[in-house]
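Listed below are the residues making up each chain.
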Amino acid sequence: QVQLVESGGGLVQAGGSLRLSCAASGRTFSSYVMGWFRQAPGKEREIVAALTWSGSKTRYTDSVKGRFTISRDNAKNTVYLQMNSLKPEDTAVYYCAADRRRIVTVSTTPGDYDYWGQGTQVTVSS
């Protein structure tokens, strides 16, 4: 079993930055694909970014490319999401998720992820 705990959300003005962290329990964290998803009110949960265990393969949704960076530190069992040039449309609850089945491919489908954190609110004011 893996437990995920997100932190780092908050209120920021448009153009600002935040860094989200996701701390994972469990010795097998380093082998999992990790992803960040977000869900805005009235909308479906969507992928933001994800990466393989080695970090060699990453995927981003088009709207965050060039602004957000996903990374991981397997020694610290932590995955990060650096968010720069934030926009009001980035406002959502952000969730960290772990996929224990895939190794070299990255899924963007929420149903493919096995473990989820409780979420952290990110609000970007205009």
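Data block above holds the structure.
How each quantity is defined
Residues numbered from 1 in each chain as written. Predicted model: local features only at pLDDT ≥ 70, side-chain atom pairs only at ≥ 80, totals over all residues. Heavy atoms only, no water. Phe/Tyr/Trp six-rings, centres within 6.5 Å; stacked < 30°, edge-to-face > 60°. Helix = DSSP H or I, 4+ residues; strand = E, 2+ residues; numbered from the N terminus. Lys NZ or Arg CZ within 6 Å of the ring centre and 35° of its normal. Pairing = 2+ DSSP bridges. Axes fitted to C-alpha atoms, helices over the stretch in contact; angles between N-to-C directions. Salt bridge = Lys/Arg side-chain N within 4 Å of Asp/Glu carboxyl O. Buried < 20%, exposed > 50% of the residue type's maximum accessible area, 1.4 Å probe, protein only.

J.: Can you help me understand the packing of aromatic side chains in this one?
T.: The description of an aromatic ring pair rests on the distance of the ring centres and on the angle between the ring planes. Applying the stated criterion to the full structure yields 5 aromatic pairs. Each ring, one from Tyr95 and one from Trp116, has its centre 6.4 Å from the other, and the planes form 75 degrees; the classification is edge-to-face. With Tyr95 in strand β9 (residues 92-99) and Trp116 in strand β10 (residues 115-116), this residue pair connects regions lying 21 residues apart in the sequence. Aromatic rings pair up to connect Phe37, Tyr95, Tyr113 and Trp116 into one cluster. Just above the ring of Tyr95 sits the side chain of Arg45; from NZ or CZ to the centre is 3.8 Å. Of note, Arg45 hangs over the ring of Trp116, and the distance from its end group to the ring centre comes to 4.8 Å.

J.: When you look at the sheet that holds strand β3 (residues 18-24) in this model, what are you seeing that I'm missing?
T.: In sheet architecture, strand pairing relies on hydrogen bonds along the backbone and comes in two forms, parallel and antiparallel. The strand order across the open sheet formed by 4 strands is β1-β3-β8-β7, and the pairing between neighbours is antiparallel. Two strands close off the open sheet at either side, each with one partner strand: β1 (4-7) and β7 (68-73). Mean inter-strand twist for the sheet, computed between neighbouring axes without regard to direction, equals 15 degrees.

J.: What am I meant to see in the pattern of salt bridges here?
T.: For side chains of opposite charge, pairing can occur when their charged atoms come near one another. Enumeration over the complete set of coordinates arrives at 8 salt bridges. For Arg38, the salt bridge goes to Asp90, with nearest N and O atoms at 3.0 Å. Of this pair, Arg38 sits in strand β4 (residues 33-39) while Asp90 sits in the loop between β8 (78-83) and β9, and the two are 52 residues apart along the sequence. This pair shows no difference in class: Arg38 is buried, exactly as Asp90 is. Across the pair Asp90 and Arg67 runs a salt bridge, and its minimum N-O distance is 2.8 Å. Placement of the pair is Asp90 in the loop between β8 and β9 and Arg67 in the loop between β6 (58-60) and β7, with a sequence separation of 23 residues.

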